[in-house]
Amino acid sequence: MKHKNKYNHICRIIMLALVLCLMFAAGCVKRDKSNKINSEKLTTQKESETKENVRYNTQDTVIITDIDTDNSRISVRGVGGKGKLYVLNYTGGTSIKNKYGNEKLISQLEIGEIFNVYFIAGTQKLIAMEESSDIWENDYVTTWDMDYDLKLMTIGGEKYQYDDSTYIYSGKKTIDIRNISGVDSLIVRGRDKQIYSIVVKTGHGYIRLTDTANMIGGMVDVGGKIMTVITEDMVIVAPEGEYTLWAAKDGRGGETKVKVSRDDEVTVSLSGFYGEIEKNGALKLTVLPAGARYSVSIDGKEMPASDIFDLTYGAHKLLITSGDYDDYTEIITIKSIYTSKTIDLSNPEGATTSSSGQTTTGANEETTTKSTSEKDTTVSQTGSSKVTINKPEGASVYIDGMFKGTIPFTATKEPGEHSIILRQTGYQSVVYNVEFSNDTSDVNISFPPMEKSK
């Protein structure tokens, strides 16, 4: 019996030890499972953070074509010939940076800007935008040349290529590159020698002159930016802005304030421009032989050394003296905004004078003049090669500002660059710049339909 009790006691000790071992093991398993769960949670969180840092699945280089702040959307188009169109949804968490890494606001974005975008395809959620470091921008282009056949734009002596995918924007709409006027200023963006977008920074409108019968052959000046000869029923392409329009003929004329709005037309009647006026004109002197020493006096007053003099309309006494040649004197009449005169002191009979005739502006704010002795390249009604404009039917055609006829319209082809303005009641006026080659081929043009006036 004693051995049996001892045996039972040993069994209980062994059983207790086994229970304790099982409890210890269970505790270890539970702790390991907890650690495993915590470890998995940390791993998942780490992977989630990684996805949060790079949470887009699509990226592209695009041109901004529209910004809808009411619905928090940005419309963009991929650069290049097959650029895709996207409408991306931005949020307060969308990162926007310029090429220097500085943050930008949605309100600071502009149509025509080029960005790298990162977004989630499907939801179109925009994660980030950043300016591409290899995109260049020229934000004030006022002088350029176009070769429409080769699709080349020359800026500052450098040639750049554009194509049908180049985004061209003015006001609130896309336009044809031929709608850009020489009086516009542009923002041009691209990469290397390829132009991706052109935005018209300051555009143009139209000034139509009426009641011109008594002023034909006189001069009209629009704020010193445009000066041209007055013709019957003429239309002037002018940069948008507010100007003083002055018109005169034979010492009589007047002035009025005009406001030119983009793509709109303002009508100015010259019926009351009959008052006596005092107006200044520029006299440009070219004195030969080159290098000759001389001094200039006008109306008995010695003038500072210059080759351009600002004089009132009317007669002035010109005196040029030189220690190497005989004095030269002449009564010269200023009756136009620009008069050029060449005087050869070695041959007093060799003086030539040219007053301003057709006067136009270039692509910048400087005014350029064309004397009456220069060839007028306006399309005329005589010759062999023809230019035919087929559409839009019924529109009036103004070539280089002068009324020529109604579409369908045919005229003689004259080589060179021309501006063609289309006007029609109930529609917005529009200008196209064209260049005709110097050959015998005929040209047929069909312009797009005109937009109805607002």
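**Observations regarding the environment of G80**
Alright, step 1. For G80, the location among the structural elements is in the loop between strand 2 (73-78) and strand 3 (85-89).
Alright, step 2. Measuring from C-alpha to C-alpha, the distance between G80 and S165 comes to 6.2 Å, with 85 residues separating the pair along the chain.
Alright, step 3. Leave out the neighbours within four places in its chain, and G80 touches S165 and Y196.

**Topic: a negative patch on the surface**
Alright, step 1. Together, D145, D149, E417 and E435 line one region of the surface with negative charge.
Alright, step 2. If you trace the backbone, D149 turns up in the loop between strand 8 (145-147) and strand 9 (152-155).
Alright, step 3. Its relative accessible area of 69% is what places D149 among the exposed residues.

**A word on the side chain of D263**
Alright, step 1. Mapping D263 onto the fold places it in the loop between strand 20 (252-260) and strand 21 (265-269).
Alright, step 2. Buried and unpaired, D263 has no salt bridge, with K173 as the nearest side chain of opposite charge at 4.0 Å.
Alright, step 3. Every residue in contact with D263, bar those within four places of it in the chain, is listed here: K173, H204, G205, Y206, Q428 and S429.

**A short note on the pairing of strand 20**
Alright, step 1. Bridge count between strand 19 (residues 241-249) and strand 20: nine bridges; the pairing is antiparallel. Bridging across to strand 20, W246 finds its partner in E255.
Alright, step 2. What sits between strand 19 and strand 20 in their antiparallel hairpin is a turn of two residues, with D250 showing a positive phi close to 55 degrees.
Alright, step 3. As defined by bridge partners, strand 20 adjoins strand 22 (residues 275-276) across two bridges and the pair is classed as antiparallel. Counterpart to R252 in the pairing with strand 22 is E276.

**Let's talk about the sheet that holds strand 35 (residues 409-412)**
Alright, step 1. Strand order across the open sheet formed by three strands is 35-32-38, with mixed pairing between neighbours. Unpaired on one side and paired on the other, strand 35 and strand 38 (443-446) mark the two borders of the sheet. Strand-to-strand, the axes of this sheet are offset by a mean angle of 20 degrees, without reference to chain direction.
Alright, step 2. Here four bridges tie strand 32 (residues 386-391) to strand 35, and the two strands are oriented antiparallel to one another. Pairing of T388 across the sheet is with T410, part of strand 35.

**So, the sheet that holds strand 16 (residues 219-222)**
Alright, step 1. Strand order in the open sheet formed by five strands is 17-16-19-20-22, with antiparallel pairing between adjacent strands. At either margin of the open sheet sits one strand with a lone partner, and together these are strand 17 (226-229) and strand 22.

**Observations concerning the packing of aromatic side chains**
Alright, step 1. For the coordinates displayed, the defined rule picks out six aromatic pairs.
Alright, step 2. A centroid spacing of 4.3 Å and a plane angle of 20 degrees characterise the contact between Y432 and F447, whose relative ring orientation is stacked. Here Y432, found in strand 37 (residues 430-436), pairs with F447, found in the segment after strand 38; they are 15 residues apart in sequence, far enough to count as distant. Of the two residues, Y432 and F447, neither departs from the other in class, the shared state being buried.
Alright, step 3. For R178, the ring lying beneath its charged end belongs to Y148, and the centroid distance is 4.4 Å.
Alright, step 4. Sitting over the ring of Y160, K193 keeps its end group 4.8 Å from the ring centre.

**A closer look at the pattern of salt bridges**
Alright, step 1. Counted under the stated rule, the structure contains 13 salt bridges.
Alright, step 2. With a shortest N-O distance of 3.4 Å, K104 and E113 are connected by a salt bridge. With respect to class, K104 is no different from E113; both count as buried.
Alright, step 3. Of the charged contacts, one joins D233 and R208 as a salt bridge, the two residues approaching to 3.3 Å between their closest N and O atoms. With a gap of 25 residues between them, D233 in the loop between strand 17 and strand 18 (234-239) and R208 in strand 15 (residues 204-210) connect regions that are remote in the sequence.
Alright, step 4. Under the relative-accessibility criterion, R208 is labelled partly exposed at 23%.
Alright, step 5. Where salt bridges share partners, they join E110, E137 and R189 into one cluster.

Each value, and the rule that gives it
Residues numbered from 1 in each chain as written. Predicted model: local features only at pLDDT ≥ 70, side-chain atom pairs only at ≥ 80, totals over all residues. Heavy atoms only, no water. Helix = DSSP H or I, 4+ residues; strand = E, 2+ residues; numbered from the N terminus. Contact = heavy atoms within 4.5 Å. Patch = residues over 30% accessible without salt bridge, like charges linked within 9 Å, V, L, I, M, F, W, Y side chains within 5 Å. Areas by Shrake-Rupley, 256 points an atom, 1.4 Å probe, with all protein chains shown as cover. Salt bridge = Lys/Arg side-chain N within 4 Å of Asp/Glu carboxyl O. Lys, Arg positive; Asp, Glu negative; His and termini not counted. Charge placed at Lys NZ, Arg CZ, Asp CG, Glu CD. Buried < 20%, exposed > 50% of the residue type's maximum accessible area, 1.4 Å probe, protein only. Pairing = 2+ DSSP bridges. Axes fitted to C-alpha atoms, helices over the stretch in contact; angles between N-to-C directions. Phe/Tyr/Trp six-rings, centres within 6.5 Å; stacked < 30°, edge-to-face > 60°. Lys NZ or Arg CZ within 6 Å of the ring centre and 35° of its normal.

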